[in-house]
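# What the coordinates show
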Amino acid sequence: MEASVILPILKKKLAFLSGGKDRRSGLILTIPLCLEQTSMDELSVTLDYLLSIPSEKCKARGFTVIVDGRKSQWNVVKTVVLMLQVNKFLYIHSGFISFIDVNPIAMLL
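All of the points below concern the structure found in this document. (Residues numbered from 1 in each chain as written. Predicted model: local features only at pLDDT ≥ 70, side-chain atom pairs only at ≥ 80, totals over all residues. Heavy atoms only, no water.)

Moving on, we come to the pairing of strand β3 (residues 63-68). Burial within β3 is extensive, with five of its six residues counted as buried. Here strand β2 (residues 27-32) runs beside β3; their pairing, made up of five bridges, is parallel. Counterpart to I28 in the pairing with β3 is T64. Both β3 and strand β4 (residues 92-98) contribute to a ladder of six bridges, which runs parallel. The residue of β4 that forms the bridge with F63 is I92. (Buried < 20%, exposed > 50% of the residue type's maximum accessible area, 1.4 Å probe, protein only. Helix = DSSP H or I, 4+ residues; strand = E, 2+ residues; numbered from the N terminus. Pairing = 2+ DSSP bridges.)

Relative to the elements of secondary structure, D68 occurs in strand β3. A relative accessible area of 18% places D68 in the buried class. Setting aside its immediate chain neighbours within four residues, D68 contacts I31, P32, L33 and S98. (Contact = heavy atoms within 4.5 Å.)

The next subject is unusual backbone geometry. The phi angle of most residues is negative, glycine excepted, and most peptide bonds adopt the trans form. Not every positive phi belongs to a glycine, and K13 is a case in point at roughly 55°. In this structure, S25 takes a positive phi of about 75° despite not being glycine. By the element assignment, S25 lies in the loop between β1 (16-21) and β2. Take S25: its relative accessible area is 32%, and that puts it in the partly exposed class.

Attention now moves to helix α4 (residues 74-87). Spanning 14 residues, α4 covers 20 Å between terminal C-alpha atoms, matching the ideal 20 Å at 1.5 Å per step. Along α4, the residues classified as buried are V76, V77, V80, M83 and L84. The buried residues of α4 occupy one face: seen down the axis, they fall within an arc of 125°. Exposed positions of α4 whose direction lies more than 90 degrees from the buried face are Q85 and V86. Of the surrounding secondary structure, the elements contacted by the buried residues of α4 are β2, α2 (40-52), β3 and β4. (Expected span 1.5 Å × (residues − 1). Arc of directions from axis to C-beta.)

The pairing of strands in a sheet comes from backbone hydrogen bonds and takes either a parallel or an antiparallel form. Spatially, the four strands line up as an open sheet ordered β1-β2-β3-β4, and their pairing is mixed. Each edge of the open sheet carries a strand with a single partner, namely β1 and β4. Ignoring which end each strand starts from, the neighbouring axes of this sheet average 25° apart. Each of β1, β2 and β3 is contacted by α2, which is oriented at about 165° to β2, the strand it contacts most. Seen against the sheet, α4 touches β2, β3 and β4 and runs at an angle of roughly 165° to β3. (Axes fitted to C-alpha atoms, helices over the stretch in contact; angles between N-to-C directions.)

And the structure:
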């Protein structure tokens, strides 16, 4: 898959490889979710492309995935995590979810 074919999807920055590595030297993949509805098909295409870039040696170490859901709704975060578990689990070593749940009723109590 070439970047020129999916360039419009890549420009949306649905996910990215930052160039950072974890303690095991596994690559860090970040998925910054936002308030706008994220297309799971476009995210899947982006992940397929990004996961195809590194060498087989890097892929064997596994990726650390960060799902940044601070600007999104829980149902979107959950859908992304389920998609990663079902479709991309071979490449993932560990994952982290960042999410803020603000319940205004609980704050009043």
